[in-house]
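Listed below are the residues making up each chain.
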Amino acid sequence: MKNELTLHERILSLYRFPKRNNETLQAWDAGDEYLINHVEDLGLEGKRILILNDNFGTLSCWFSEKHDITMMSDSFITHKGTLSNLHRNECKKITFATTMDSIPDNIDLVLMQIPRSNRHLVWQLAQLRGALSASVPVIAVNKAKEIHSSTLKLFEKYLGSTTTSLAWKKHRLVFAQADSPALTEIEASTRWNLEDHKITLDNLANVYSGEKLDLGARFILEHLPSDLGSKRVIDLGCGNGVLSVKLGQLNPDIQITCVDESFMAVESAKQNLENNLPDGFRFECTANNCLDGFEKECAELVVCNPPFHQQQAITDHIAWQMFCDTKHVLTQGGQLLVIGNRHLGYDVKLSRLFGKNNVRLIASNKKFVILQATK
Ligand SMILES: C[S@@+](CC[C@H](N)C(=O)[O-])C[C@H]1O[C@@H](n2cnc3c(N)ncnc32)[C@H](O)[C@@H]1O
C-alpha cells in the first residue's frame, strides 16, 4: 500500500484512520491530487481556505503549509485521521469544525470533496450560499461517474453559477460561486413518525437513512428485548438513535450510551432520545470510532446495525472492529445483538470471536438475520 504522496517535489506521509497493518486502501485519491495540482497552478499564498469533507486530511496537510486552514467534516474519523496526518508530517495547526458549525468569516477559497449524500451536499451548498460573497471560488471534486447532471443542478440551485473541468484520472472538478438569484432556506432536520412504534425522529442532513427507516432497523425493532431491568446498554453505530429510543420505551430503567462516528448522527440521536423518552431517562450520546477508549466490561448489552462502507469504500472491517470492541466492553455473560444482510456472513465472524456455541439466531427473513452472541 502506497503511503507517500509525492507532488511538486514535496512528500507527504499519509495513513487512513485507524491505521491498520494490513491496510489495502490508500488515504488519498486522484481527486485530492487534481485539486492540489489545480490550486498550486494558481500560485496562491496566505489565503484563508475552507476545506469541506477532507477524507483523511490530505488536503489539510498539503495546504496548511502556505495557508490558514479550516477543515469542516461530519466525520469523527476524518477529524482523527486529519489530526494524525498533520502530526505525522509536522504541519502547521489548522482549525477543526463540523458541518453543523457556521461557515467561518472571511474565507478566500473553498475546496470540497463532494459528499456521498445529496442531502448533506445541499446542506453544505446552502450554508456556503448564505455565508460567501460571489467573488469566493468554490472548487469541488469527485469521481467523474459520481458527478451527474442532477449534481450540477444542485450546485446551480443552492450555490450559483457552476462549470466543470475535463476529467483527469477519472475525476472532475466543479467550479462554482455563491451567486444564485435566491437564497434557499434549508431545514436542518427532516422529521418523520414511526406510527407503529409511537416514535418521532429528527434527522440532521448527514444521518444514515435520514429520510426513512432503514429496512434492517425496521426488522430488529420487532425483536428488541424488554427484560433488561437496569442494565447498561450501548447502541453502536446509533444513527438517529431509533434502536435506543425503542429500547428505552421497552426498558425505562436501562442506561444507554449511543455511539456514532457522524457528529450529526450523535446530535440527532440526542434530540430523539430527549423528545421520545421521559425526563430522567439515563443516556449519553458520543462521537467515537467504534468503542475506542471504552472501559473493559462496562456494558451488559450492545445492539448494532453495522455499516458496510467507510466514506466511498465498501468494507466489512468496521463491522469486525465493532464486534471485537464489543467483546472487550461486555461483561461476562453480556450479549451482542446484531442485524445484518444474510450475505454478509456475520455468523461466521461472531462464531470466530465468541465461539460457535455462543452465537444464536434470534430471527430471520428473506433479507436479514438477527444474531445474538454471548460472551
Ligand atoms: C447501518 S447504520 C445504522 C444506524 C441505526 N443504528 C439504524 O439502525 O438505523 C450504521 C451506522 O454506523 C455509523 N458508523 C460508521 N462507521 C463507524 C465507526 N467507525 N464508529 C462508529 N460508528 C460508525 C454510521 O455513521 C451509521 O450511522
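Conventions we followed
Residues numbered from 1 in each chain as written. Predicted model: local features only at pLDDT ≥ 70, side-chain atom pairs only at ≥ 80, totals over all residues. Heavy atoms only, no water. UniProt positions renumbered as here; feature names shortened; annotations may be inferred. Helix = DSSP H or I, 4+ residues; strand = E, 2+ residues; numbered from the N terminus. Polar contact = N/O pair within 3.5 Å; in protein donor to acceptor, adjacent residues only side chain to side chain. Contact = heavy atoms within 4.5 Å. Axes fitted to C-alpha atoms, helices over the stretch in contact; angles between N-to-C directions. Left-handed = near helix turned anticlockwise from the far one by under 90°. Nonpolar A, V, L, I, M, F, W, Y, C, P; charged D, E, K, R; others polar. Near = heavy atom within 4 Å. Areas by Shrake-Rupley, 256 points an atom, 1.4 Å probe, with all protein chains shown as cover. Core = buried A, V, L, I, M, F, W, Y, C linked by side-chain atoms within 4.5 Å. Buried < 20%, exposed > 50% of the residue type's maximum accessible area, 1.4 Å probe, protein only. Pairing = 2+ DSSP bridges. Arc of directions from axis to C-beta.

- The protein chain goes by Ribosomal RNA large subunit methyltransferase G in an unreviewed UniProt entry, where it is assigned to Vibrio japonicus.
- Quoted straight from UniProt, the Sequence similarities (unreviewed entry) entry for the protein chain says "Belongs to the methyltransferase superfamily. RlmG family."
- According to its UniProt record, the protein chain has this under Catalytic activity (unreviewed entry): "guanosine(1835) in 23S rRNA + S-adenosyl-L-methionine = N(2)-methylguanosine(1835) in 23S rRNA + S-adenosyl-L-homocysteine + H(+)".

1. Examining the side chain of Ser 262
Consideration 1: Structurally, Ser 262 can be placed in the loop between strand E13 (255-260) and helix H8 (263-276).
Consideration 2: A polar contact is formed between the side chain of Ser 262 and the side chain of Asp 74, at a distance of 2.7 Å.
Consideration 3: Beyond its immediate stretch of four places on either side in the chain, Ser 262 contacts Asp 74 and Asn 206.

2. Thoughts on the packing of helix H9 (residues 317-329) against helix H10 (residues 346-354)
Consideration 1: One way to put it is that H9 packs onto H10 with a least axis distance of 11 Å and a crossing angle of 30°. The handedness of the crossing between H9 and H10 comes out as right-handed. Side by side, H9 and H10 meet where Ala 319, Trp 320, Phe 323, Cys 324 and Lys 327 of the first sit next to Tyr 346, Lys 349, Leu 350, Arg 352, Leu 353 and Phe 354 of the second.
Consideration 2: Classifying every residue of the contact of H9 with H10 gives eight nonpolar, no polar and three charged.

3. Focus on the site of the ligand
Consideration 1: Of all residues adjacent to the ligand, which total 18 residues, the nearest are Gly 237, Asp 260, Asn 289, Cys 290 and Asn 305.
Consideration 2: With respect to the ligand, the backbone of Glu 261 contributes an N or O atom lying 3.2 Å from a nitrogen atom.
Consideration 3: Here the ligand, which alone exposes 590 Å², has 93% of that area covered by the protein.
Consideration 4: Looking at the shell around the ligand, its residues break down into ten nonpolar, five polar and three charged.

4. Quick look at the nonpolar core
Consideration 1: With 36 residues, the main nonpolar core has Leu 194, Val 242 and Leu 247 as its most contacted residues.
Consideration 2: With near-sequence residues (within four places) excluded, Leu 247 lies in contact with Leu 224, Pro 225, Leu 228, Val 233, Ile 254, Ile 256 and Val 303.
Consideration 3: Formed by 28 residues, the second largest nonpolar core is a distinct cluster that contains Trp 28, Phe 63, Leu 86 and Val 141.

5. Let's talk about the pairing of strand E19 (residues 359-364)
Consideration 1: Across five bridges, E19 lies against strand E20 (residues 368-374) in antiparallel orientation. Opposite Ala 363, over in E20, you have Ile 370 as the bridge partner.
Consideration 2: As consecutive antiparallel partners, E19 and E20 are separated by three residues.

6. Some words on the UniProt feature "domain: RlmG N-terminal" (unreviewed entry) in the protein chain
Consideration 1: Per the UniProt entry, the sites bearing "domain: RlmG N-terminal" (unreviewed entry) are residues 3-179 in this numbering.
Consideration 2: The straight-line gap between the two end C-alpha atoms of residues 3-179 is 39 Å; of that span, 32% is helix and 23% is strand.

7. Some points on the environment of Glu 284
Consideration 1: Among the secondary structure elements, Glu 284 is positioned in strand E14 (residues 282-287).
Consideration 2: Linking Glu 284 and Leu 243, residues 41 residues apart in sequence, is a C-alpha distance of 14 Å.
Consideration 3: Here Glu 284 is in contact with Ile 256, Thr 257 and Cys 258, once residues within four sequence places are set aside.

8. As for helix H5 (residues 149-158)
Consideration 1: Of all the positions in H5, only Thr 151, Leu 154, Phe 155 and Tyr 158 are classed as buried. Summarising the axial view, the buried residues of H5 lie within an arc of 100°, below the 170-degree limit, and thus occupy one face. Residues of H5 that are exposed and point more than 90 degrees away from the buried face comprise Ser 149 and Lys 153.
Consideration 2: Elements that come into contact with the buried residues of H5 comprise strand E6 (109-113), helix H4 (118-131), strand E7 (138-143), strand E8 (162-164) and strand E9 (171-176).
Consideration 3: Just beyond H5, the residue with positive phi is Gly 160, at close to 160°.

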